[in-house]
Amino acid sequence: MYREQIARLFERSAFYRRKLSAAGFASAAAVGGLERIAELPFTEKDELRASQAEAPPLGAHAAIEPREAARIYSTSGSTGAPCYIPLTRNDLEDWRRIARASYSRSGVRAGELMLTTYNAGPFVAGAALDAFDSLGVTHIPMGTGNTDKVIEALRRLKPQTLVATPSYAMHISEKAEIRGLKRVLVAGEPGGGEPAFRKRLEERFGARVYEVMGIGDVAASLWGECPGQSGMHFSGEDSIHVELIDPDSGKPVEMKDGAQGELVYTHLRREAAPLLRFRSRDHVVVWVSECKCRNTALRVRCIGRTDDMLIVRGVNVFPSAIREVVGRFQPRVTGAVVVRPRRRGVRQDPPLPVVVERGEGDISHEELREAIRTALLVTTEVRLVAPRSLPRSEYKSKLVDYSEAEGG
Ligand SMILES: [Zn+2]
């Protein structure tokens, strides 16, 4: 399957023909089999953006014309100009099948009600909607625009499952007491796997929290957690190849229990916009051993975005990991945290400035600083601020704020 896909890239994708030739691979035969994939160059998100600017509308990496696509999604454009993501009928069917596997791992079953709060529209999250239909659930699509309406629907229709981003799920739980849910499925941003955050969300809803993770350019809902709650299982076995790499060196990292690195994806049969060694920027810990649910599919938990990673005197620090440590002090803190580096860029000098919202009761900055130092081996300067004084978003919360940084 992989060799056919490489042949297809040479034949139909000007971008990959050029990229592979430049790397010394003049033909599909020269690329060889999957065991040699680590010799090939990575594909970066920036390259896809440049490719679409250079060869609009779908880009030189696309292997089809727009009229051959069954659907064309757009990315949210949160980090630059919007990107188009085309899918053929076969691609869509693949996405639907993968998303169905990811969501059904949580135990969602036909005959249940599921309330979702995806502002799908043009975004790839919309692909999950097809999967919900195929699960046989009663789907209640709500969006995030009007939280009072979401709360009313939760109370009146009494669904078993709520689907939301982790921060929106928390937002709902802070606005109203909701009882009767069986599970809360969180997706769309990292955070749902952080133990302190998850515990708080589970307590507030009186329901189990399971995580789903996808990546727009690869597949919308690629990983899904089971009731074992020990990482998200991979659901793309037949159509996507996964690698783990060291984000600094780009070298492969061996997949074994507890290994950490960035996920890299290769489509094995994507037709419209096939990607080769696409860097996800998702930094994860992996497990390969059998899960409590008896399944042996690869599992991951997202630690943070490689893009957010800071290096403080040689130590890799993820702002989401700082949030996790601070979150353990709830309710003495609210859980809202922002890292405000003093300078731009990945490398930072200690102490790293961290702003934390106070909650109920006494908390000292020394206590927090010490806990972060013990857990993450990084020296911080913790500043405490009033509850609800840090900016909150209904969709995605930002963990690093460079507004107080100097250039460089
Ligand atoms: Zn499992």
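Our structure is the block above this text.
Residues numbered from 1 in each chain as written. Predicted model: local features only at pLDDT ≥ 70, side-chain atom pairs only at ≥ 80, totals over all residues. Heavy atoms only, no water.

> Explain the overall build of the protein residue by residue, including any values.
Tallying secondary structure elements over the protein gives 11 helices and 19 strands in all. Its C-alpha atoms give the protein a radius of gyration of 22 Å, near enough to 22 Å, the size a compact globule of 408 residues would have. With the C-alpha coordinates of the protein rotated into their principal frame, the extents come out at 65 × 55 × 40 Å. Looking at the protein residue by residue over its 408 residues, the buried ones come to 54%. (Helix = DSSP H or I, 4+ residues; strand = E, 2+ residues; numbered from the N terminus. Rg over C-alpha atoms; globule rule 2.2 N^0.38 Å. Buried < 20%, exposed > 50% of the residue type's maximum accessible area, 1.4 Å probe, protein only.)

> Run through the packing of helix α8 (residues 166–175) against helix α9 (residues 195–205), naming residues and quoting values.
One way to put it is that α8 packs onto α9 with a least axis distance of 10 Å and a crossing angle of 40°. The orientation of α8 relative to α9 falls into the category oblique. When the axes of α8 and α9 are compared, the crossing they make is left-handed. Judged by residue contacts, P166, S167, A169, M170, I172, S173 and E174 of α8 engage F197, R200, L201, R204 and F205 from α9. (Axes fitted to C-alpha atoms, helices over the stretch in contact; angles between N-to-C directions. Parallel < 35°, antiparallel > 145°, perpendicular 65-115°, else oblique. Left-handed = near helix turned anticlockwise from the far one by under 90°. Contact = heavy atoms within 4.5 Å.)

> Hey, could you go over the packing of aromatic side chains for me, with residue numbers and the actual values?
Applying the stated rule across the entire model yields four aromatic pairs. A centroid spacing of 4.8 Å and a plane angle of 85° characterise the contact between F15 and Y16, whose relative ring orientation is edge-to-face. Across the pair, Y16 and F15 agree in class, each one buried. Positioned above the aromatic ring of F42 is the side chain of R279, whose terminal nitrogen or guanidinium carbon lies 5.4 Å from the ring centre. (Phe/Tyr/Trp six-rings, centres within 6.5 Å; stacked < 30°, edge-to-face > 60°. Lys NZ or Arg CZ within 6 Å of the ring centre and 35° of its normal.)

> Which residues make up the nonpolar core, and what are the values?
Of all hydrophobic cores here, the largest spans 45 residues; its most connected members are W95, M213, L222, W223, L263 and Y265. Of all hydrophobic cores here, the second largest spans 22 residues; its members include L115, A153, A169 and F197. (Core = buried A, V, L, I, M, F, W, Y, C linked by side-chain atoms within 4.5 Å.)

> For the sheet that holds strand β17 (residues 347–348), give the residues involved together with the corresponding values.
Across the sheet, which stays open at both edges, the three strands sit in the order β15-β14-β17 with mixed pairing between neighbours. On the outer flanks of this sheet lie β15 (315–317) and β17, each paired with one strand and no other. Across three bridges, strand β14 (residues 310–312) lies against β15 in antiparallel orientation. Across the sheet, the residue bridging to I311 is N316, located in β15. (Pairing = 2+ DSSP bridges.)

> Residue-level account of the coordination of the zinc ion, with values.
For the zinc ion, the full set of protein donor atoms is C226 (SG), H233 (NE2), C291 (SG) and C293 (SG), at a range of 2.1 to 2.3 Å. For the zinc ion, the four donor atoms in the first shell make angles of 104 to 116° at the metal, a pattern classed as tetrahedral. Donor residues binding the zinc ion come from one chain and are separated in sequence as C-x6-H-x57-C-x1-C. Accessibility expressed as a relative area gives 4% for C291, which makes it buried. (Donors = N, O, S within 2.8 Å, 3.2 Å for Na, K, Ca; no water. Tetrahedral: all angles 85-135°; square planar, octahedral: opposite > 155°, others 65-115°.)

> Residue-level account of the pairing of strand β3 (residues 113–116), with values.
Two elements, β3 and strand β4 (residues 138–141), share four bridges in a ladder whose sense is parallel. When the bridges of β4 are listed, T116 appears paired with P141.

> Let's hear about the sheet that holds strand β16 (residues 333–339): which residues, and what values?
Strand order across the open sheet formed by three strands is β16-β18-β19, with mixed pairing between neighbours. This sheet does not close on itself; its edge strands, each paired only once, are β16 and β19 (380–385). Looking at each pair of strands side by side, their axes are set apart by 25° on average, direction ignored. In terms of strand pairing, strand β18 (residues 352–358) meets β19 through six bridges, oriented parallel.

> Talk me through the pattern of salt bridges; I want residue IDs and the actual numbers.
Evaluation of the coordinates by the stated rule reveals 35 salt bridges. Put simply, D94 and R269 hold a salt bridge, and the shortest N to O gap is 2.7 Å. Highlighted residues: D94 in helix α5 (residues 89–104) and R269 in the loop between β11 (260–267) and β12 (278–287), separated in sequence by 175 residues. Relative accessible area serves as the criterion here: at 32%, R269 is assigned to the partly exposed category. The partner of E243 in a salt bridge is R277, and the shortest N-O contact between them spans 2.8 Å. Placement of E243 in strand β10 (residues 240–245) and of R277 in the loop between β11 and β12 is noted, with a sequence separation of 34 residues between them. (Salt bridge = Lys/Arg side-chain N within 4 Å of Asp/Glu carboxyl O.)

> Outline the environment of G126, supporting the account with residue identities and numerical values.
Mapped onto the elements, G126 comes out in helix α6 (residues 126–135). We classify G126 as buried; its relative accessible area is 7%. Sequence-wise, G126 and Y73 are 53 residues apart; in three dimensions their C-alpha atoms are separated by 8.7 Å.

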